[in-house]
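Structural characterization, general
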Amino acid sequence: MVENNELRKAGLKVTLPRVKILQMLDSAEQRHMSAEDVYKALMEAGEDVGLATVYRVLTQFEAAGLVVRHNFDGGHAVFELADSGHHDHMVCVDTGEVIEFMDAEIEKRQREIVKERGFELVDHNLVLYIRKKK
């Protein structure tokens, strides 16, 4: 029922595909999922939701503020629920794994840099591209 309330709060009609996709994003072990990942997970769960529907619903969710879309370099778009506070990302260039992190010192320094240059920080997105040391 939580999903129904979330959809209504976002101004979206409660439909079975929307509920299933929101449940999948909420319960998935992987926090950052592509439309194809969502589609595969739904198919594995025996849900009959088409790939085009998944794309359309994720776009609607993004417009409604339920999910955030990330377009990391060298990869396709991934989505995450917009239920957590600000955080930054590390993306492994070898595996595509996305790792979230939050560092108060980095956040503080970014605000200082902006202020030193006479600006106001409106928003930011920090992505570090990484690989395992050999």
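Per chain, residue numbering runs from 1 following the sequence as it is written. Confidence filtering applies because this is a predicted model: local features only for residues at pLDDT of at least 70, side-chain atom pairs given and counted only at 80 or more, and all residues used for totals across whole chains, interfaces and linings. Based on all heavy atoms of the structure, the side-chain values leave hydrogens and waters out of the count.

The name an unreviewed UniProt entry assigns to the chain is Ferric uptake regulation protein, from the organism Pseudomonas knackmussii. As its UniProt record puts it under Sequence similarities (unreviewed entry), the chain is described as follows: "Belongs to the Fur family." The annotation that UniProt attaches to the chain under Subcellular location (unreviewed entry) is "Cytoplasm". UniProt positions are given in the numbering used here, feature names are shortened, and annotations may be inferred rather than shown by experiment.

Concerning the UniProt feature "binding site: Zn(2+)" (unreviewed entry) in the chain
UniProt records the feature "binding site: Zn(2+)" (unreviewed entry) for C92 in the present numbering. A run of H or I in DSSP becomes a helix once it reaches four residues, and a run of E becomes a strand once it reaches two; helices and strands are each numbered from the N terminus. With respect to the helices, strands and loops of the structure, C92 is situated in strand β3 (residues 88-92). Here a residue-residue contact requires only that any non-hydrogen atoms of the pair lie within 4.5 Å. Sequence-distant contacts of C92, defined by excluding residues within four places in its chain, comprise E97, I130 and R131.

Looking at the packing of helix α2 (residues 16-27) against helix α4 (residues 51-64)
Two numbers describe how α2 lies on α4: the axes approach to 10 Å, and their chain directions differ by 75°. Considered as vectors, α2 and α4 are oriented roughly perpendicular to each other. Along the contact surface, α2 presents P17, R18, I21, L22 and L25, while α4 presents T53, V54, V57, L58, Q60 and F61. Of the residues in the contact of α2 with α4, the class split is eight nonpolar, two polar and one charged. Axis angles are defined between N-to-C directions and span 0 to 180 degrees, where every axis is a line fitted to C-alpha atoms and, for a helix, only to the segment in contact. Orientation labels follow simple angle bins: below 35 degrees gives roughly parallel, above 145 gives roughly antiparallel, 65 to 115 gives roughly perpendicular, and whatever is left gives oblique. Ten residues, namely Ala, Val, Leu, Ile, Met, Phe, Trp, Tyr, Cys and Pro, are considered nonpolar, four, namely Asp, Glu, Lys and Arg, are considered charged, and the remaining ones, Gly among them, are considered polar.

What to know about the sheet that holds strand β4 (residues 98-101)
Between any two strands, at least two bridges found by DSSP are needed for them to pair. The sheet built from three strands is open, its strands ordered β4-β3-β5 with mixed pairing. Both edges of this open sheet fall to β4 and β5 (127-130), since each of them pairs with a single strand only. Adjacent strand axes in the sheet meet at a mean angle of 25°, parallel and antiparallel pairs treated alike. Two strands pair when backbone bridges link them, and β3 and β4 are joined in this way by four bridges, in the antiparallel orientation. Within the sheet, the bridge partner assigned to V91 lies in β4 and is V98.

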